[in-house]
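Given next are the chains, with one letter for each unit.
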Amino acid sequence: MKSLSSLVLASMLAVGCNHGDRNKSNTQQADQRNLNGAGYTLSESGSFTHKENEMSGSGTVVFTIPTKDKDNSYSLTFTLADAGSLTLTANAGRGLRSGISIQFTRAGAALKASLKSGSTEVDISSKFRKIDSSKEMIFQIDMHNSESPTHILVWANPTEFSEDSALFNSETDAEAPGQGGGNIWGLVLVNAVVTSAATAEPKFEE
Amino acid sequence: MAQWMRRNQLFLGITLWSLSQCSSLFADVNGTGLSVSAAVDAVGAFKVGKDSKAKDTLEVREAELSLYAPIDHIFDGILSLAAHRESGMSLFELHEAVICSTKLIPGMSLRVGQYFLGVGRLNRFHRHDWPFISAPKVFSEFFGEEGVLDTGGEISYLVPTLFFLDITAGVTNGWVYGHAHNEGKKPKTPTHYLRMGTFLDPSDDLGLALGGNYLGRISSDGTKTQLFGLDGVAKWNRKSMSLLVQGETWLRQLEPEAGDEDVSLGSYLYQQVGFSKNFYAGFRLDYFTVSSLKDATGKKIHNAEYAVVPTVTYKTSEFATFRLAYSNSINTQEYQTDKINQSVQLQSIFILGAHPTHDF
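Model, not experiment: these values are computed from the prediction.

Draft legend 1. Local environment of the overall build of chain B. On a plain count of helices and strands, chain B comes out with two helices and 16 strands. Rg of the C-alpha trace for chain B: 21 Å, near the compact-globule value of 21 Å for 360 residues, within the 12% margin. Long-range pairs, those at least 24 residues apart, make up 54% of the contacts in chain B with a sequence separation of at least 6. Summing over all exposed atoms, chain B offers an accessible surface of approximately 16700 Å²; the carbon and sulfur share of this is 64%. One way to put it: in chain B the 32 positive side-chain charges average out to a point 4 Å from where the 38 negative ones average out.

Shown next, in the form of structure tokens:
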């Protein structure tokens, strides 16, 4: 009987410990960095530096917590050195494979933009001509991956979120080249400074 | 013997309709056989709490115009147009366009054209015929807010067995699946589906329909989709009192050609008590989880979305329905703050003209 009660107690303790571990954020694990509280891992880094509220330089950043829903919105605040770029990859598998991406590249004060899926790339720069890429850029990007191909909307310095106010709408401007195949998201920085990167529920709902 | 005859009469009645939605039972207008109906479904959703996603508007979600008639002595035809809200405007689009028959082969019905795929429970009904206002999470996630429409062919066969067994199989183009605003791309394997349904009537007052479902397709980019589902509905009626229990459980496997497998599971269960022919009170429970969800390091992330949706329905007749519902959903994900979405929903439905008889 004594051994049985010991076994029950040990089991309860084991369950309790396990529960505690589950509630411990991944951001508390070793080798984890975070941007404004969002944990990420870094791979393929060049001259990458990070602070609590900033990451800068060059490197591939994979955010630890996945996006459960197929449709999500991403807010990005960043600056680019000339010829620098920032790529957001969403709905990807591990290692940012098989995702749907949007890339912003600075060319002087102009901004080039493109959508990528696999080996297919679609140039959407014409929709970003009004953006001065030598200054800080703030974009809100909806990626509705429940649609095929992914429905992507981009707003610059947004105050309202409608199809009419979108700088780019893949339904009317240029179709996305595919659809993502996962729940992971991340960024690829090339001479970029990112001060904010976060996910939320889609800003636009039909 | 009397019991056997009663059962067979019931089978015949159910079979006539469950075989297809063809117009052998449609009301005849002016001797031409042509019937016209319109259904208008207006809904409103209002915020309860600051995190609610409700739009605080009342809008016509759908206005449907349907024409149906016998084409000749073998075939029937159905054409329906529906206006949906898109970017603030209501635009009519083709909903269903079907040629169908129950007379070609005894015990078999077929339909060809554009239609709601004959799988599950909710997907076989137009939204204005659902017993609640909004789609359960598992349905909107796997079939869209309204259901999966596509163009193809479907046959149903009432297997001559001692018990009721109806087998439905279909193949559709599969260029798109669910919500899309384009014609899509040619899939590697078109959408194909199978439903095996049975019906039990243990007493005069009680009927129970059950179904097992499979749906599959491989998209142009190589993503393999497989859905496995169970659906069931039980109805009990005595005098003016009634009881409805309806539910579905679905498992979806998505296997991208490159990328991670996505496995999701969800259910809903709706129970409704009818206190008279006019007044009903129901309660829906929803559950949904992405069971394959992992973080960037490959560690499993526990997650679930639950909802409770009490609903009150008032019908002045079968042609006018008013509903009031409260929806409270909680979206939990490990390492994330719970998201709570509460809203009050209103609905009014009216039907003009002849409306086709419904399946059980």
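Draft legend 2. Broad picture of the overall build of chain A. Across its full length, chain A carries one helix and twelve strands. Taken over 206 residues, chain A has a buried fraction of 48%. A sequence separation of at least 24 residues applies to 57% of the contacts in chain A between residues at least 6 apart. Taken as a whole, chain A presents about 9500 Å² of accessible surface, with 50% of it coming from carbon and sulfur.

Draft legend 3. Region of the structure containing the interface of chain A and chain B. Each side of the interface is counted separately: chain A has 32 residues, and chain B has 37 residues. Across the interface of chain A and chain B, roughly 2800 Å² is buried in total on both sides, 45% from carbon and sulfur atoms. Our enumeration of links across chain A and chain B arrives at five salt bridges. The residue A:Arg97 makes a salt bridge to B:Asp260 at a minimum N-O spacing of 3.6 Å. At the junction of chain A with chain B, the criterion picks out seven residue pairs in polar contact (both at pLDDT 80 or more).

Draft legend 4. Focus on unusual backbone geometry. Residue and element names in this part refer to chain A. The peptide bond linking Ser 148 to Pro 149 adopts the cis configuration, its omega dihedral lying at -5°. Tracing the backbone through its elements, the reader meets Pro 149 in the loop between β9 (137-144) and β10 (151-156). Positive phi values are uncommon outside glycine, yet Asn 157 reaches one of about 40°. With respect to the helices and strands, the residue Asn 157 is situated in the loop between β10 and β11 (168-169). Taking relative accessible area as the criterion, Asn 157 reaches 52% and is therefore assigned exposed.

Draft legend 5. Just the packing of aromatic side chains, in detail. Residue and element names in this part refer to chain A. Scanning the entire structure with this criterion turns up 22 aromatic pairs over all chains. A centroid spacing of 4.0 Å and a plane angle of 10° characterise the contact between Phe 63 and Trp 185, whose relative ring orientation is stacked. Of this pair, Phe 63 sits in strand β4 (residues 54-63) while Trp 185 sits in strand β12 (residues 184-200); the two residues are 122 residues apart in sequence, bridging distant segments of the chain. We classify Phe 63 as buried; its relative accessible area is 1%. Residue class for Trp 185 comes out buried when judged on its relative accessible area of 4%.

Draft legend 6. Region of the structure containing the pattern of salt bridges. One pass over the structure, following the stated rule, counts 19 salt bridges over all chains. Linking B:Asp262 and A:Lys70 is a salt bridge whose minimum nitrogen-to-oxygen distance equals 2.6 Å. Note that B:Asp262 is positioned in strand β12 (residues 262-274) and A:Lys70 in the loop between β4 and β5 (71-92), a pairing that runs across two chains. For the pair B:Asp262 and A:Lys70, a shared accessibility class is recorded, and that class is buried. Across the pair B:Arg195 and B:Asp231 runs a salt bridge whose closest N-O atoms are separated by 2.8 Å. Of the two residues, B:Arg195 is situated in strand β8 (residues 189-203) and B:Asp231 in strand β10 (residues 224-238); the sequence distance between them amounts to 36 residues. The network of salt bridges with common partners includes A:Lys68, A:Asp69, B:Lys137, B:Glu141 and B:Glu305.

Draft legend 7. Quick look at the side chain of B:Ser343. Here B:Ser343 lies in strand β16 (residues 339-353). If we skip the residues at most four places from it in the chain, B:Ser343 touches B:Phe46, B:Val48, B:Ser52, B:Ala54, B:Ala325, B:Tyr326 and B:Ser327.

Draft legend 8. A look at the nonpolar core. Ranked by internal contacts, the top residues of the largest apolar core, which has 38 residues, are A:Phe128, A:Phe139, A:Ile141 and A:Leu187. Only β4, β5, β6 (100-107), β7 (110-117), β9, β10 and β12 of chain A provide two or more residues apiece to this core. No other element matches the seven residues that β5(A) contributes to this core. Beyond its immediate stretch of four places on either side in the chain, A:Leu187 contacts A:Gly59, A:Thr60, A:Val61, A:Phe63, A:Leu76, A:Leu86, A:Thr87, A:Leu88, A:Leu96, A:Val194 and A:Ala197. Counting residues in hydrophobic clusters, the runner-up holds 34 residues, among them B:Cys100, B:Ala135, B:Trp250 and B:Tyr335.

Draft legend 9. Just a nonpolar patch on the surface, in detail. All names here are of chain B. Taken together, Leu 58, Met 241, Phe 275, Phe 279, Val 312, Tyr 314, Phe 322, Leu 324 and Leu 346 make up a surface patch of nonpolar side chains, about 800 Å² in accessible area. Contributions of two or more residues to the nonpolar patch are made by β14 (303-317) and β15 (320-333). Summarising the element assignment, Leu 346 is placed in strand β16.

Draft legend 10. Examining the confidence of the model for chain B more closely. Residue and element names in this part refer to chain B. For chain B, the mean per-residue pLDDT works out to 89, and 91% of the residues sit at or above 70. The model gives residues 1-21 a pLDDT under 50, and that stretch makes 32 contacts with residues more than four places away or in other chains. In this model residues 23-27 is a low-confidence stretch, pLDDT under 50, and it forms 16 contacts with partners more than four residues away in sequence or in other chains. Our summary of model confidence lists the complex with pTM equal to 0.85 and ipTM equal to 0.75.

Draft legend 11. Spatial organisation of the environment of B:Pro356. Following the sequence through the fold, B:Pro356 ends up in the segment after β16. Placed 180 residues apart in sequence, B:Pro356 and B:Val176 show a C-alpha to C-alpha distance of 28 Å.

Procedures and definitions
- Residues numbered from 1 in each chain as written.
- Chains lettered and ligands numbered in written order.
- Predicted model: local features only at pLDDT ≥ 70, side-chain atom pairs only at ≥ 80, totals over all residues.
- Heavy atoms only, no water.
- Helix = DSSP H or I, 4+ residues; strand = E, 2+ residues; numbered from the N terminus.
- Rg over C-alpha atoms; globule rule 2.2 N^0.38 Å.
- Contact = heavy atoms within 4.5 Å.
- Areas by Shrake-Rupley, 256 points an atom, 1.4 Å probe, with all protein chains shown as cover.
- Lys, Arg positive; Asp, Glu negative; His and termini not counted.
- Charge placed at Lys NZ, Arg CZ, Asp CG, Glu CD.
- Buried < 20%, exposed > 50% of the residue type's maximum accessible area, 1.4 Å probe, protein only.
- Buried area = accessible area lost by both parts, 1.4 Å probe.
- Salt bridge = Lys/Arg side-chain N within 4 Å of Asp/Glu carboxyl O.
- Polar contact = N/O pair within 3.5 Å; in protein donor to acceptor, adjacent residues only side chain to side chain.
- Phe/Tyr/Trp six-rings, centres within 6.5 Å; stacked < 30°, edge-to-face > 60°.
- Core = buried A, V, L, I, M, F, W, Y, C linked by side-chain atoms within 4.5 Å.
- Patch = residues over 30% accessible without salt bridge, like charges linked within 9 Å, V, L, I, M, F, W, Y side chains within 5 Å.
- pLDDT = per-residue confidence, 0-100.

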